[in-house]
Every structure is written in structure tokens, then in C-alpha cells.
Amino acid sequence: MSRHHWFAIRQELPPRRRSLLGVVAFLLPLALWCLVSYVPFLWHPMVRVVEPGAVSWFRPDLLIPREAFAKEVDRVRSEGGLVPTGTRANPIYLPAPHAVGRALYTAFTTAPVLRGDLWLHESLGMSIRTIFWGFLISSAFGVPLGILCGAYTSVARASEPFVDFVRYMPAPAFGALMVAVFGIHLEPKIAIIVIGTFFQQVLVVANTVRKTDLGLIEAGQTLGAKRRHLLLRVLVPASLPDLYNDLRILLGWAWTYLIVAEVVGVSSGITFFINQQAKYRNFDNVYAAIVIIGIIGLATDQVLAFLGARLFPWKNPRPSRLRTLAIRLFADRYTVLFPDEPEKETTS
Amino acid sequence: MSLPPASMLESDYRVQSPAVAERFRKLRERPVVLSVEHLGKEFEGEGGPVTALRDVSFEVRRREFLCVIGPSGCGKSTLIRMVAGLDYPTAGRMLLDGREVSGPGPDRGMVFQGYTLFPWLNVTRNVMFGLEMQGMSRDQAEAEARQWIDLVGLSRFEKTYPAQLSGGMKQRTALARALAANPRILLMDEPFGALDAQTRAQMQTHLLEIWRNVDVTILFITHDLDEAILLADRILVLKANPGEVQEVIEVPVPRPRSWRR
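Remember, predicted model here, so these are calculated numbers, not experimental data.

## Digging into empty space enclosed by the protein
Residue and element names in this part refer to chain A. Per the stated rule, a full pass over the model turns up one cavity of 30 Å³ or more. Approximately 50 Å³ is the volume found for the largest cavity. Taken together, the elements giving at least two residues each to the lining of the largest cavity come down to α5 (153-167) and α7 (186-210). Looking at side-chain class alone, the lining of the largest cavity contains six nonpolar, two polar and one charged residues.

Shown next, in the form of C-alpha cells:
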């Protein structure tokens, strides 16, 4: 029997199972989507007309609700006309996986419909630029202020009530105002992201700094560290890994503000692309764009997590993820080279 | 065989051999490093102020090893934290080398039960911390730190981060870190309380050895009577509710001491 149980409460899984489940997490929704898309008797509430027959308003490839199609068929049959034919189909807003997969490629290679419109990669670049500047500006002020709030109760009492107050105002509410101040291009969008991120950031950072082990501060004091050194040589380095993780989470929040920010003023970036494609009813492109946002987010987060393990080796003295991955990939060869070592891992 | 009468037992533990008496006579001639005068601490409790410590006075002389012992809740941790300057007394004062002190400072080094090593610094950098705070250059601090690390026997672990050290090794590092800052008095707040019995015995022997070789005065908090008897020149016994000095005992056991009987 395996040493590891699949449903052991709060127990770590062996790495092989962890990555397996990670893949399953993506395959399961994909399989569901495939089922709905490719098994014709599942859902498929529409009919795609193949042969219009005697129905005057039918056209090939037209999508019609099943009941309406059946009614027309009954009518034509009773009148003795040519019966129309069709295949069951899903609504236009649910393209099949292969269509979205194709769109993931073609969306980049298709020239924009209107002259002056942006290519997908240009739109993406614009969005990433917006996020980058918004998050950078927010962090440049939010992190230091948060650290000061966490370190000094007086600073916290003097700023946090107001920060808390503004935090509850939805960032998009500032849209019109920001357009008035910054114009209609990228600036108001960056401002919205700053507003959406900054106030949360101050509170989150302050809380993290506050959670620092007080014993470390006291140890610093008994070793002769005074105010400035206590802050910069003890408090900040002690909370740095947690602050880094906070920023990772906040970056995710910044992405959620992106879509509402980009409709402020002149619609731009990935939002503009999505809206434009929806207008042309190219829903495969819409899905492709949304998936790309997800991929960018996930990839950024993974890169940041990887860098985090490198930046704070003292926090996580295990071998790096890359090395673990390499070892896992070459597990069999590893066994030949060092037959004793992985033995401990695999035997129960 | 019957036990001797209680009155005899009472006086027994104070009897010193001539050699030990001579040692204490010499000790009393040394200059006072720390003088605690009528120290008291009151907390604001729910039903009015609660007295944690009342009128605690004692002196620690140069190179003396003084243990403070008492039941939990007697305020011995509060006492050492006040000496370290991490808590403020509500009465009395403390003199270090004759000068009144308040607030934390590097002249009173501290070793905590919970290690409190800086996890982002390796052993060397941890030990260097106090030296760097005193304005020593990095190279000089590193050279100095290395000697202290040698002394506590961690030369092989200079580049190791605290997370990878065992409890005993962590406490050795903390000891080296506190000693490197060259404090007038070393405060130790139940430093071996979190260690297993074997490691604790090792660390006690190790501490005695260091104390013999280094010019350092130690104020050591413990709730373990055996530990106090093994380590201390004198033992300050606190009683609880309120925390007061019950008595000060000159340990009559000759040195060197060890766990072997």
C-alpha cells in the first residue's frame, strides 16, 4: 500500500502526484468543454441549416433554435414542400475548443478589419504597459507607506482610516474624473489601476509588516540597532519574502482592474480587441483573448514564484524548483546513476 | 536511617567548604556590574493594577554567574526583560557600571528562548550584526565574528542559514551573536528551555566552558533548579504573587561541576 493517501487531511502529496493533479485541474474543464462541443446530443440547443428547402427565410449556415426549426419543418411537411435539413449546433457564443485553439494562432496573424485598428499583439502590449506602469507607480508609493504604517503606529493611525475609506470606493467610479484630469489615452487607465491597487496595497503591506516576529526587533535592539537600522536592517528584510508574495497577489488584482480601466476614455488594449471581436461575432477570438490574459497572468505568477525562491533562499532551503523538475524529468536516469538515493522516495 | 531534622536540612545547603568560601570572598571583592535597586512592575489588570514584581534588589559582580529561579508567573521573565530594557519598570532603577540605564542597548546582550536569529542572514552575518551596528567595517566584523563562531564550535556552518540549523546550533549562534557585541552583562532568558534533555546538558557544559574562557558576566533565568545549581555562583529565588526575592543562595558546590555523579 502506498505511504501517501490521496485524501490525507493537510498532508503534502508526492511531487509526481502534485504535478499530475495540476494537469488534471486543466484537463477536467477542457474535457467538459469538449463533451458539450463534440457530442451532438449534449445540449446543442440550436440547429445549423444545411439545406434551406422550402422555407423562404432559411439560409445555409443560419443558426436557429431547435423548436423554431421543428415548427418550420412541421409546417413545410404539411404543405408538401421540400423539407429543410440541418445539424444540431451550439450557440455562437460557445465555440468548440478546436476553433478557439485555432483562433489562439490566427488572432495574431489576422490583420485588423478596420484600418487604424491594432493587431492583437499590439493590443496586448498596450495592456501590459498599462498594468506595468499602474502597478509600478502604485508600488513605488504604496509599499514604503505600508511599511511605515506597519512599523510606526503613529503613521498607521494618521493614514489608515483615510486609506480604508477610499479603499471602499470602486476604482471605476473615478473613471470620468480621471479622464478629466489625464485626458483620454493611456494615462487615465493607469490612474484607475493605481487607485484600485494603491489603497489595498498600503493596508496589505502594513498588515504583513505588523506580523513580523517582535522577537527579531527585540533581538536587534539588544544588539544595538537604533531606529533607522531597526527598520532597514531588521523589519524590512524580515518581512520581505511575505511582502513579495503580497505583491504577487496584488498584481493579480491589478489585472482584474485592467478591463474596467481600459474602457475609460478611448477603449484600448486587450479590452478593445475583445469588444471589437464580439461586435464582429468572432467569439473564438474573444475566448482566445481571454485565455491569453489567463496565460499571461499564470506565467507571470509562476516566473515571480520561481524568482522568489531564488531571491529568498533562506526562506526555502529546499532545492530549487528547476532542479526538482530536472530531477523528476530524468528520474529514471537518476536511478541508474544514484540507485540508492531516490529509493527512499519511492518505497513505502 | 532516619532523616535529619528539618532545621538541619534548612541550614545544610548553605554550608561551604573553605575553598568555596574563599571563592565567594574573592567574588565579593570584584566590582559590581549590574545593580538592581527596588525594581517593581505593575500591570493594569481588569480589577485594578496587578503587581508582577515588588521591590527586587540585587547586584551582579564582574564575571559572576547569577541564576534567577522561580515558579512560572513569578515575573522572572519580566525581570530580565526590564534589565534588557525591553520592558519598563514602574518602580526602582538599574545601574550598569554605576550609571543608570533605561531602554535597550548593546551593553546588555540577550539570548532568548526562541533563538530570534535573523533568518535572512547566515551564521556569520548573524554574529556580525551587533558588530556592524557598532560601526565596525564589514571585513573587521567578519574576522571578529569568525572567532566567536569558532568558540561556539560552528566553524563548519558559517554560511548556513538558521532554518537549516538544529535547536542547539541555533542557540550556539545566538550565544555567539550576543557575545560578539561585547556586552557588559549577558542576559539569558531560559535559553535552553526549548531544547531536548541531551542537547540541554551539552549546552550547559558548553556555556560553562565559554564562561570560564571569556570575561563575561551572566544573568541567567531558569525554572530548572538542577540547571541553576549546575551553572550558578549564586541563585536568586523569586516567589510568585507578587514576585519578590525569597532568598539569595551562594551555591556551595565546588567547581568545576558536571552532570556526572
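## Section: the domain arrangement of chain B
Residues and elements named next belong to chain B. Taken domain by domain, chain B comprises domain 1 (2-107 + 185-259) and domain 2 (115-182). The centre of domain 1, based on its C-alpha atoms, is set 26 Å off from the matching centre of domain 2. With 15 residues of domain 1 at the contact, the number on the domain 2 side is 13 residues. Roughly 1,100 Å² is buried in total at the junction of domain 1 and domain 2, and carbon and sulfur atoms are behind 78% of that figure. The largest contributions to the domain 1 side of the interface with domain 2 come from Met203, His206 and Ile210, which together make up 37% of the buried area. One can count zero salt bridges joining domain 1 with domain 2. Our count for the domain 1 to domain 2 interface comes out at one residue pair in polar contact (both at pLDDT 80 or more).

## Let's talk about the domain arrangement of chain A
We note that the domain assignment places domain 1 (46-89) and domain 2 (107-314) within chain A. Placing a centre on the C-alpha atoms of domain 1 of chain A and another on those of domain 2 of chain A gives a separation of 52 Å.

## As for the packing of helix α4 (residues 123-133) of chain B against helix α6 (residues 167-180) of chain B
Residue and element names in this part refer to chain B. Between α4 and α6, the least distance of the axes is 7 Å, while the angle of their chain directions is 25°. Considering the angle they form, α4 stands roughly parallel to α6. In the crossing of α4 with α6, the sense of the turn from one axis to the other is right-handed. Residue-level contacts link Val123, Asn126, Val127 and Leu131 of α4 to Thr173, Ala176, Arg177 and Ala180 of α6. Counted by class, the contact of α4 with α6 contains five nonpolar, two polar and one charged residues.

About the criteria used
Residues numbered from 1 in each chain as written. Chains lettered and ligands numbered in written order. Predicted model: local features only at pLDDT ≥ 70, side-chain atom pairs only at ≥ 80, totals over all residues. Heavy atoms only, no water. 1 Å grid on protein atoms, 1.4 Å probe; cavity = no way out; pocket = protein on both sides within 12 Å on 5 of 7 lines; lining within 4 Å. Points joined across faces, edges and corners; volume = space filled by probe spheres on them. Helix = DSSP H or I, 4+ residues; strand = E, 2+ residues; numbered from the N terminus. Nonpolar A, V, L, I, M, F, W, Y, C, P; charged D, E, K, R; others polar. Domains from an automatic or database assignment. Contact = heavy atoms within 4.5 Å. Buried area = accessible area lost by both parts, 1.4 Å probe. Salt bridge = Lys/Arg side-chain N within 4 Å of Asp/Glu carboxyl O. Polar contact = N/O pair within 3.5 Å; in protein donor to acceptor, adjacent residues only side chain to side chain. Axes fitted to C-alpha atoms, helices over the stretch in contact; angles between N-to-C directions. Parallel < 35°, antiparallel > 145°, perpendicular 65-115°, else oblique. Left-handed = near helix turned anticlockwise from the far one by under 90°.

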